[in-house]
Amino acid sequence: MRQTIRFAAMVTALAVLSAACVAGRGLGPGNGPPEPATYRMSGNAFSFAPPGLPGWGRIEGGTVSVLEMPEFRTTTVDDGYFVLDDLPIREEITLVLEADGFPTTHTKTFRLTDADIEQITFQVPNLGLYELLAGVVGAEIDDDKCQVVSTATFLGGSLYLPNAHGEAGARVALTPTDGAADGPIYFNESVIPDRTQDLTSADGGVAFINVEPGDYHLTAHKPGVRFERVKLKCRAGVLANASPPHALQVIAYEGVHGR
């Protein structure tokens, strides 16, 4: 009787161990503890230009790295695609793009907790257009400061979709407010920064110029609409751009959708 019980217990233990291994939770090499999970971040680098101006396309040959873990890096291929593999779980990850002819650019700061993150986008004007857009609003870029850009985006809006993706009628704020920034400056429907605009247009773009280096949050407000809150890490000489779909994205419409 005792032998039967011991045999049944052994069969049960082997079944549990086998199921754990199949599910990827088995023992690591040398019968050690399970290997830690790793994740992937991927997306595309876009060269930004308003309609009618040259410069739109994909950025090939740029270096994408992780601000908080610079040993992780890769290169964009001919369609601007990049992928970073084997990333450990981390509360904060900010991606950095460095490419010839473009300003160094940060994405928003992501939280990498339990899933891969896809369709991360860099949306970057070339250096000539960068200076031109600053000139349109009468600003001079300070290399000791950070430039902040984002897009208030309708639910499901993305750079991977055609046409405008902005949520019009939103007011955007940058906090803390002591960064001595010039803004918000909203982009009009022609995708040009326009100081006469009080709210986001159908383009959804917004900029804060010459922000003191530091960590900030962007928020957007519109009656009946809830937006994602965005964290940005501003560093001197950097363009920090939270671009769609990982931007000031609408996460819920609580009333009539007025777009």
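What you are looking at is a predicted structure, and each value in this text was computed from that prediction instead of being measured.

> Whenever I open this one, the packing of aromatic side chains confuses me. Can you help?
The way to describe two aromatic rings as a pair is by their centre distance and the angle between their planes. Taken as a whole, this structure holds two aromatic pairs when the rule is applied. Taking the centre distance of 5.7 Å and the plane angle of 75° together, the rings of Phe46 and Tyr160 count as edge-to-face. In this pair, Phe46 is assigned in strand 1 (residues 38–47) and Tyr160 in the loop between strand 9 (146–153) and strand 10 (171–175), connecting sequence segments 114 residues apart. Under the relative-accessibility criterion, Phe46 is labelled buried at 1%.

> Even after reading the chapter, I still don't get unusual backbone geometry, so can you show me in this structure?
Among all residues save glycine, negative phi is the norm, and among peptide bonds the norm is trans. Following Thr175, the chain continues to Pro176 via a peptide bond in cis, the omega torsion being 0°. Examined against the element boundaries, Pro176 turns out to sit in the loop between strand 10 and strand 11 (182–187). Geometrically, the link from Gly183 to Pro184 is a cis peptide bond, its omega value of 10° lying close to zero. The backbone phi angle of Asp86 is positive, close to 60°, even though this residue is not glycine. Along the chain, the position of Asp86 falls in strand 5 (residues 81–88).

> Just checking my understanding: could you explain the sheet that holds strand 16 (residues 230–234) for this structure?
Strand pairing in a sheet relies on backbone hydrogen bonds, with the paired strands running either antiparallel or parallel. Strand order in this open sheet of three strands is 10-14-16, and the pairing throughout is antiparallel. Of all the strands in the sheet, the pair left with one neighbour each is strand 10 and strand 16. Geometrically, the sheet is characterised by an average inter-axis angle of 25° between neighbouring strands, direction not taken into account. For strand 10 and strand 14 (residues 214–221), the ladder comprises five bridges, and the chain directions are antiparallel. Paired with Ala173 across the two strands is Thr219, which belongs to strand 14.

Calculation rules
Residues numbered from 1 in each chain as written. Predicted model: local features only at pLDDT ≥ 70, side-chain atom pairs only at ≥ 80, totals over all residues. Heavy atoms only, no water. Phe/Tyr/Trp six-rings, centres within 6.5 Å; stacked < 30°, edge-to-face > 60°. Helix = DSSP H or I, 4+ residues; strand = E, 2+ residues; numbered from the N terminus. Buried < 20%, exposed > 50% of the residue type's maximum accessible area, 1.4 Å probe, protein only. Pairing = 2+ DSSP bridges. Axes fitted to C-alpha atoms, helices over the stretch in contact; angles between N-to-C directions.

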